[in-house]
Amino acid sequence: DKRMKETAAHLKVHVDEVTLQQMVELDVANGTTHAGKKAAPASRTILRLLWFFDFIAALLDNLASSPDKSLKQICSKTYEETLAPRHIWVLRRAARSGMGLLPPKAVFRKRLGTENLSEKEECERVA
C-alpha cells in the first residue's frame, strides 16, 4: 500500500491507476531494487510472490503425480526444488524442521474438503 501511494504520488495519478509495472519501474529508477531490507522495494515483494506461485504450482503437480508419497515427502521435495535455493542457510534449516510438523496427507485432504476425490481431481479442483 505504501509503495502504491509513493508511485501514485510520483506519477501524479490516483492510487487505483498504479500498475505493478509502474511500481517496478520506479524501483529501478530510484535504484532501490537491491537496496537492502530497509528499502523493501515493490520489485522484491513481487519476486517473492512469484517464487511462492512457483512453489504452489510445483506442490500441486507433485501431489497429483505422487499419490504414494507422504505430505512431508512431497512438501520437502517441492521446497528443495523451488524455494530452498533462494533461502539462506537458517531459513532452509527452519523450513526443513517445519516439514516434520505437517499432518498426514489424509488429514490435509480432509481440511481441504477433498478427501472423496482422487489426488489428481483434488489438485485440479484446488488449482
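Residues numbered from 1 in each chain as written. Predicted model: local features only at pLDDT ≥ 70, side-chain atom pairs only at ≥ 80, totals over all residues. Heavy atoms only, no water.

### What about the overall build of the chain?
Stated formally: Helix numbering and strand numbering both begin at the N terminus, where a helix is a DSSP run of H or I of at least 4 residues and a strand a DSSP run of E of at least 2. Using a 1.4 Å probe on the protein chains alone, a residue whose accessible area is under 20% of its type maximum counts as buried, one over 50% counts as exposed, and one in between counts as partly exposed. Using a 1.4 Å probe, the Shrake-Rupley method yields the accessible areas, and only the shown protein chains count as cover for residues.
From N to C terminus, the chain includes seven helices and zero strands. Helices and strands appear in the chain in the N-to-C order α-α-α-α-α-α-α. In the chain, which comprises 127 residues, the share counted as buried stands at 27%. Surface exposure of the chain reaches about 8,900 Å², of which carbon and sulfur atoms provide 58%.

### Remarks on the pattern of salt bridges
Note the threshold: Only one rule defines a salt bridge in this text: a Lys or Arg side-chain nitrogen within 4 Å of an Asp or Glu carboxyl oxygen.
With the rule as written, the count across this model stands at two salt bridges. Put simply, Lys 77 and Glu 81 hold a salt bridge, and the shortest N to O gap is 3.2 Å. Placement of both Lys 77 and Glu 81 in helix 4 (residues 71-82) is noted, with a separation of four residues, approximately one turn of the helix. The class for Glu 81 is partly exposed, based on a relative accessible area of 44%. Between Glu 80 and Arg 96 there is a salt bridge, with its nearest N and O atoms 2.6 Å apart. With Glu 80 in helix 4 and Arg 96 in helix 5 (residues 89-99), this pair connects stretches of sequence that are 16 residues apart. Of the residues examined, Glu 80 reaches a relative accessible area of 36% and is grouped as partly exposed. Residue classification places Arg 96 among the partly exposed positions, given a relative accessible area of 40%.

### Let's talk about the packing of helix 4 against helix 5
To keep it simple, the criterion reads: For helices, the fitted line uses only the C-alpha atoms of the stretch in contact; every axis is such a line through C-alpha atoms, and the angle between N-to-C directions lies from 0 to 180 degrees. Oblique is the label for any angle not covered by the other classes, which are roughly parallel (under 35 degrees), roughly antiparallel (over 145) and roughly perpendicular (65 to 115). Note on convention: the crossing is left-handed when the near helix lies turned anticlockwise from the far helix by less than a right angle, right-handed when the turn is clockwise. Only heavy atoms enter the contact rule, under which two residues are in contact if any of them lie within 4.5 Å.
Running from amino to carboxyl end, helix 4 crosses helix 5 at an angle of 165°, the nearest separation of the two axes being 9 Å. Taken together, the axes of helix 4 and helix 5 lie roughly antiparallel to each other. Here helix 4 runs over helix 5; the crossing is right-handed. When helix 4 is examined against helix 5, the residues Lys 72, Cys 75, Ser 76, Tyr 79 and Glu 80 are found in contact with a partner set consisting of Leu 91, Arg 92, Ala 95, Arg 96 and Met 99.

### A word on the packing of aromatic side chains
Which entries qualify depends on this criterion: Between 30 and 60 degrees the pair is tilted, below 30 it is stacked and above 60 it is edge-to-face, where a pair is any two Phe, Tyr or Trp rings, Trp via its six-membered ring, whose centres lie within 6.5 Å.
For the structure shown, the criterion picks out one aromatic pair. Measuring from ring centre to ring centre gives 6.4 Å for Phe 52 and Phe 53, while their planes differ by 45°; the resulting arrangement is tilted.

### Observations concerning the nonpolar core
Just so we agree on the cut-off: Throughout this description, the term nonpolar core refers to a set of buried Ala, Val, Leu, Ile, Met, Phe, Trp, Tyr and Cys residues connected via side-chain atoms within 4.5 Å.
Phe 55, Leu 59, Leu 60, Leu 63, Leu 71, Ile 74, Cys 75, Tyr 79, Leu 83, Ala 84 and Met 99 together form the largest nonpolar core, which totals 11 residues. Listed by contribution, the elements that provide at least two residues to this core are helix 3 (42-65) and helix 4. The contacts of Ile 74, once residues within four sequence positions are left out, are Leu 59, Asn 62, Leu 63, Ser 66, Lys 69 and Lys 105.

### Concerning helix 2 (residues 20-30)
Quick reminder of the rule: The directions considered for the arc run from the helix axis to the C-beta atoms.
Every buried residue belonging to helix 2 is among Met 23, Leu 26 and Asp 27, and all of these are buried. All buried residues of helix 2 project into a common sector of 100° when viewed along the axis, lining one side. Seen from the buried face of helix 2, the exposed residues on the opposite side, beyond 90 degrees, are Gln 21, Val 28 and Ala 29. In this fold, the buried residues of helix 2 make contact with helix 1 (2-11) and helix 3. Within two residues after helix 2, Gly 31 carries a phi angle of roughly 70°, on the positive side.

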